[in-house]
Amino acid sequence: MIDILQVLVLGLALGGVYALMASGLTLIFGVMRIVNLAHPIMILTGAFVSYWLFTLYGIDPILSMPVAALVLFVIGLVLYKLVFAREAASAKYSEMTVLLTFALAMSFDGLLGALFSNTQRVTTPSYGTQAIFLGDLFIPTAQLYAGIASFVIIGGLMLFLRYTRFGYAIRATTQNRAAAQLMGVNVEFVSLVTFGIGLALAGAAGSLVSFIFSFFPAKHWEWIAILMSLVVLGGMGKLMGTIVAALLLSVIAAFVGTYAGSTWSTMTFFLALFVMLLVRPQGLFGDRIEEA
Amino acid sequence: MRKKVGGMLLAAAATALASAAQAEAPIRIAASLPLTGSFSVSGAKHEQGYRLCVDLINEKGGLLGRKLELILGDNRSDTETAINQYERFINADKADLVFGTFSSKLTFPVSAVMEKYGMVHPVPAGGALRIWSQGLKHAFYFQQNAAELVGESLVEMIDALVPPDERPKTAAVVHSDDFFANGIAAGLLGRKVENPGGGVVADLAPGYLADHDVKVVMEERWPEEGFSDWLNLANSVKRSEAELVIGLTASAEEAVQLTRALQTVKAQPKFLYLSQGTQAEYAEGAGKAAEGVAVHTSWHPAVPFVGLLAGATFTNQDFRKAFEAKYGTAPDEDSAIPFAVCQGMEQAVRATGSTDNRKLSEWLHARTKEDPVRTVLGPFNWDERGLPKGRPFLEAQWQGGVLKFVYPTDEFEGVAPLVYPKPQW
């Protein structure tokens, strides 16, 4: 029984981090239909911000989350203006963004490598390798803190989307861009800020990732597939769906890893994606797909 | 008549000019390395090793009166890219010499390209036995021995340094599903080594662990890429209650992840051995958790090997100093091994007076115990497969933040006593 509970705890712990990593990705897709393949490299950029603040000044990565978020928010605004804004009217916008963000991912990969070298890094606060032991059960502190931080941020984001005027505007734009514009929403500005927020979420996730996984610039290629599968499973742009998918799949993967072998745990995400596309292509929380 | 003489003079002058230009044309050396991607930590260090060696030779006047030019490609830890780059080096760049790449995974396919063109293939990292059982004629390995034999040094060290009643009786072997890690695991667990196309290369039964009465209570492999569930894996290791934990990977980054996870879940084996983790980055990432972790290594700063460079004696200490002067950090084996590759090839070119790869291959094959290639990794002569003869692996252990050399104990001075059992974390 303890064993099962333990695996559950470890699965949830990992899922909390994945939820935050995928939340910015799903938000950006939801509002702007941008398939942001550069999201994981932005997470790594945030991780580097926290890593250097910790290494040079001893600032705890959880405390440096706002800094990483702010840096990425600004990067987001600049990138949106430079790269995405001019194409927004294009009929093939979504397809185009796949190529654009892929190019961005490769550019940032090279840039981070040139700036910080391709060597592995990990932020090492004291709680990074500790655990709280409750009898035979243990909860890893790094994952616990990261999970709490994730849920505070995601909770804040949900409140923001639900109860502020700007949040309304974002949700309206997500639901129907043209209608929102007709109702007087400045969709261009909403898109700009949302892209910034999406990347800020990546930055915040990066701070947490910096002490949970060791990382180097090329690490992002390993994450993109898992994060994209969470977004699709959650229902393409549905925040709650993505969070549920992240938690659920991480728990399933933990059980698979424990009882069927680690080789299969990573595959869980893709098998689930496969099955979901066959059975319920709109994802867990997605709307029914209408024939175009 | 006058005109004819003039023409002849012109032709002679042109020939002289051409040969002078040829004499001055640099010797082109090419290597494809994983400078990005999952092997980037080791790849970047390989670049440092190659570059240092080439620069030092150039500073000392070059080779055969010619300067050396190093052409490097980043293969992104990807096999297809590595193959393409070597094809290009040989066919388009007309490289005179090629140096090998990092890790068995990339070396295996690349070895076929080298063999196809009859290029000497000096291999810095590519220990899997499958590489050396293909009948390669021009490949030479610049580490101690095949990956499958790594485990032998480990169990022999434990037998030699730990009293019988304190030795570990159970083992957990966890490893990446990678060419190199699978090779070491095959030796430890006594598996058959098979070629991709079928056919058994070697039957390693019963395996070093069974051979030394260590019972394997857990064996688990994780996927080569994209694995992140380290805590869960570490928890399984803990539940196995193995006294000896063996973690095998070709990636220094994974070694950090595994160590940190084992520390977090408080798995407390008597001994922890990893196949990667000699790098300063490992010590930084694992922090205090590195204490007592044992790693096999092909090189150690304290080992008094005497090599040759630019025709003169060049000791391991000379290498350390030159590396620190150039890069401002201490070298580790990932830089020392490629440096040794470059030393070996330089000695071959110097001895044959040529960059004819056939002559170089013959000369390297003709090395003996008495007349070996001399490098910072020690002397090398090879068997017909291209594997070094009579070279034991070195075993090292992190003690007080320093990688101490612990086994074999009788070859050199300055060997530290083994810390056993590993301190609890």
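A few points on the structure. Since the model is a prediction, treat every value here as computed from it, not as a measurement. (Residues numbered from 1 in each chain as written. Chains lettered and ligands numbered in written order. Predicted model: local features only at pLDDT ≥ 70, side-chain atom pairs only at ≥ 80, totals over all residues. Heavy atoms only, no water.)

**Details of the environment of Glu80 of chain B**
All names here are of chain B.
- Looking at the secondary structure, you find Glu80 in helix α3 (residues 79–91).
- For Glu80, a relative accessible area of 51% translates into the label exposed.
- Sequence separation between Glu80 and Val110 is 30 residues; the distance between their C-alpha atoms is 9.1 Å. (Helix = DSSP H or I, 4+ residues; strand = E, 2+ residues; numbered from the N terminus. Buried < 20%, exposed > 50% of the residue type's maximum accessible area, 1.4 Å probe, protein only.)

**As for the pattern of salt bridges**
- All chains considered together, the criterion is met by 22 salt bridges over all chains.
- Across the pair Lys116 of chain B and Glu87 of chain B runs a salt bridge whose closest N-O atoms are separated by 2.7 Å. Residue Lys116 of chain B is found in helix α4 (residues 104–116), and its partner Glu87 of chain B is found in helix α3; the two are separated by 29 residues along the sequence.
- You can call Lys116 of chain B exposed: its relative accessible area is 54%.
- The structure contains a network of salt bridges with shared partners spanning Lys219 and Glu222 of chain A together with Glu253 of chain B. (Salt bridge = Lys/Arg side-chain N within 4 Å of Asp/Glu carboxyl O.)

**Some words on the interface of chain B and chain A**
- Facing 35 residues of chain B, the contacting portion of chain A comprises 40 residues.
- Taken together, the two surfaces of chain B and chain A that pack against each other cover about 3100 Å², and 49% of this comes from carbon and sulfur.
- Inspection of the region where chain B meets chain A yields 2 salt bridges.
- With a closest N to O distance of 3.1 Å, Arg239 of chain B and Asp3 of chain A form a salt bridge.
- Viewed at the interface, chain A and chain B are joined by 13 residue pairs in polar contact (both at pLDDT 80 or more).
- Residue assignment for the side of chain B that touches chain A shows that the elements contributing at least two residues are α2 (40–59), β9 (215–222), α9 (230–240), α10 (252–264) and α11 (280–286) of chain B. (Contact = heavy atoms within 4.5 Å. Buried area = accessible area lost by both parts, 1.4 Å probe. Polar contact = N/O pair within 3.5 Å; in protein donor to acceptor, adjacent residues only side chain to side chain.)

**Quick word on the state of the cysteines**
Residues and elements named next belong to chain B.
- All told, the structure shown has 1 disulfide over all chains when counted by the stated rule.
- Here Cys53 engages in a disulfide with Cys342; their sulfurs sit 2.0 Å apart. Given an S-S torsion of about -75°, the disulfide between Cys53 and Cys342 has left-handed geometry. One end of the pair, Cys53, is in helix α2; the other, Cys342, is in helix α13 (residues 333–352), and 289 residues separate them in sequence. Comparing Cys53 with Cys342, the two get one shared label, buried. (Disulfide = S-S within 2.5 Å.)

**Comments concerning the packing of aromatic side chains**
- Per the counting criterion, the structure on display carries 36 aromatic pairs over all chains.
- Between Phe133 of chain A and Phe138 of chain A, the aromatic rings sit 5.6 Å apart at their centres with planes inclined by 35°, giving tilted as the arrangement.
- The exposure class of Phe133 of chain A is partly exposed, given its relative accessible area of 34%.
- Members of the aromatic cluster, each reached through a chain of ring pairs, are Trp299, Phe314, Phe319, Phe323, Tyr327 and Phe339 of chain B.
- Note that Arg130 of chain B overlies the ring of Phe108 of chain B, its terminal NZ or CZ placed 5.5 Å from the centroid.
- The residue whose ring lies beneath Lys422 of chain B is Trp425 of chain B, and the NZ or CZ to ring-centre distance is 3.5 Å. (Phe/Tyr/Trp six-rings, centres within 6.5 Å; stacked < 30°, edge-to-face > 60°. Lys NZ or Arg CZ within 6 Å of the ring centre and 35° of its normal.)

**Quick notes on the sheet that holds strand β6 (residues 170–176) of chain B**
Residues and elements named next belong to chain B.
- Ordered by their spatial adjacency, 7 strands build an open sheet running β9-β6-β10-β11-β12-β17-β18, and the pairing between neighbours is mixed. Two strands close off the open sheet at either side, each with one partner strand: β9 and β18 (402–407). Strand-to-strand twist of the sheet, defined as the mean angle between neighbouring strand axes without regard to direction, takes the value 25°.
- As judged from the 4 bridges shared by strand β10 (residues 244–248) and strand β11 (residues 271–274), these two strands associate in the parallel manner. The residue of β11 that forms the bridge with Ile246 is Tyr273. (Pairing = 2+ DSSP bridges. Axes fitted to C-alpha atoms, helices over the stretch in contact; angles between N-to-C directions.)

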